[in-house]
Amino acid sequence: MKPVSFAIIGAGIGGLATAALLLRAGHRVQVYEQATRFARVGAGIQMAPNAVKVLRHLGIEEPLRRTAFQADFAISRTWDTGAETSRLPLGSEVEHAFGAPYLFLHRADLHAAIASIVPSAVVHLGMKLAAIDQGPQGVDLRFTDGTSVRADAVIGADGVHSLVRETLLGPEKPRFTGRVAYRTTYASDRLRGRALDPVRTKWWGPDRHMVVYYVTRARDELYFVTSVPERAEWTTPESWSAKGDLDELRAAYAGFHPDVQAILDACPEVYKWALFERDPLPRWSDGRIALLGDACHPMTPYMAQGAASALEDAAILARCLDGVEQDGVHEAYLRYERIRKPRASDIQAGSSANNWLRDKTDPGWVYGYDASTVGLEDGTRG
């Protein structure tokens, strides 16, 4: 096999996972990331069994198990009384049912674990894409620092504001949902000895909610994320780096259960993010260029499947490209899209509905999926 040279735009979870798998398959890979460093911004992440199966395939499940929090249950509660509306067993039960555990981590710890299996020499930081041009012999990339490179093929894993997507499909016009999210992580000892149940809890209010869980096995770091109505039209691009106002956040959850009040009272700072919606794209690829993760199926966070879907993309795309030479890349990209697009679109729609696990739910169609064994013709389990 003559290896294909791939340029991956974006060194997030999906981009680095794709790089690791393509290198394993014998391809040549370079990753270009616009950030100059990877920051530990306050963000938790949920890795459901379908995502952990990809982490297993990458060879990093065991070290993540040793550091991640594993909740006993995912519980939904009424905002004021705390009455349960659903209880999904996690722990050993979810692993027995779906073949992998359910892990709760800090996003930076997950990212670092994936980065550890990608040679640092292939990851180029501070490389913001300026232009991309596809020709008969390859794809030319130009960066804002004046650097130009050519690759046989390109994978756009450059997130919700993807320039690669815009190049393929033109400018998009996301719809503001009328909601904003606040999130942060902080040391759980700030709760001043008040221990929370070892569960993942979602507090459902009439028009807002909060999700809370630990992000370490030691339970020494706590994470929460909210969704709150916002009256004003939001025009600022989505970003988790904008600081939020703690007084506004606390006022928004006045009257919620004392556990929620304790979490907010102990919070030292918070970040604010506007939530936008997008329709599924008409296509994910064009010739030698394909999209992956948030670049092709950005979704609201309500099913905790955004990063999981990017990991599934990485596993399927790498399998489709296994043994493929330059003249087969286009067909491999089309196969990847045929397999992944229906499922990603269903999850995108389900997340937008924001009713996942509110009441008793069978999560098998999400958690039971295994991107390392799924059929490569029609997407059925292999």
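Everything quoted here is computed from the prediction, not taken from an experiment. (Residues numbered from 1 in each chain as written. Predicted model: local features only at pLDDT ≥ 70, side-chain atom pairs only at ≥ 80, totals over all residues. Heavy atoms only, no water.)

## Some thoughts on the nonpolar core
Soluble, globular proteins show a tendency: their nonpolar side chains are buried together. We count it as follows: Here the nonpolar core consists of buried residues drawn from Ala, Val, Leu, Ile, Met, Phe, Trp, Tyr and Cys, with membership extended through side-chain atoms lying within 4.5 Å. Only protein chains enter the accessibility calculation, which uses a 1.4 Å probe; a residue whose area is less than 20% of its type maximum is buried, one above 50% is exposed, and one in between is partly exposed. Only DSSP runs of H or I with at least four residues qualify as helices, and only runs of E with at least two residues qualify as strands; both kinds are numbered from the N terminus onward. Whether two residues are in contact is decided by their heavy atoms, any of which lying within 4.5 Å being enough.
By size, the foremost hydrophobic cluster in this structure holds 78 residues, and its most contacted members are Phe6, Met47, Leu141 and Leu311. Broken down by element, the residue count for this core peaks at ten residues, all from helix 9 (residues 306-321). Excluding anything up to four places from it in sequence, Met47 contacts Val52, Leu55, Pro101, Tyr102, Leu103, Leu105, Leu110, Ala307, Ala308 and Leu311. Core analysis: the second largest hydrophobic core is formed by 52 residues, Ala48, Ala74, Phe104 and Ala181 among them.

## Topic: the sheet that holds strand 18 (residues 289-291)
Note the threshold: Note: two strands are recorded as paired if DSSP finds a minimum of 2 bridges between them. The axes used here are C-alpha line fits, helices contributing only the stretch in contact, and every angle between their N-to-C directions lies in the interval 0 to 180 degrees.
Strand order in the open sheet made by the six strands is 7-2-1-11-18-17, with mixed pairing throughout. Each end of this open sheet is capped by a strand with a single partner; those strands are strand 7 (123-124) and strand 17 (285-286). Pairing geometry for strand 1 (residues 5-9) and strand 11 (residues 153-156), over four bridges, is parallel. By the bridge assignment for strand 11, Ile8 is matched with Ile155. Helix-sheet contacts for helix 10 (residues 329-353) involve strand 1, strand 11, strand 17 and strand 18, and the interaxial angle to strand 11 is about 25°.

## Description of the sheet that holds strand 9 (residues 138-143)
Within a sheet, neighbouring strands are paired by backbone hydrogen bonds and run either parallel or antiparallel to one another. With respect to topology, three strands assemble into an open sheet ordered 8-9-10, the strand pairing being antiparallel. Looking at strand neighbours, the two that pair on one side only are strand 8 (129-135) and strand 10 (148-151), the edges of this open sheet. Sheet twist, expressed as the average angle between the axes of neighbouring strands with direction ignored, equals 20°.

## What about the side chain of Glu61?
Locating Glu61 in the fold gives a position in helix 3 (residues 61-67). Setting aside its immediate chain neighbours within four residues, Glu61 contacts Val52, Leu55, Arg56 and Pro101.

## Here's the deal with the pairing of strand 4 (residues 73-78)
Relative to strand 5 (residues 84-89), strand 4 runs antiparallel, the two sharing five bridges. Within the sheet, the bridge partner assigned to Ala74 lies in strand 5 and is Leu88. Linking strand 4 to strand 5, which pair antiparallel, is a turn of five residues; within it Gly82 sits at a positive phi near 85°. Where strand 4 lies against strand 13 (residues 200-204), five bridges are found, and the strand directions are parallel. Residue Thr78 lies in a different strand from strand 13, and its bridge partner there is Trp204.

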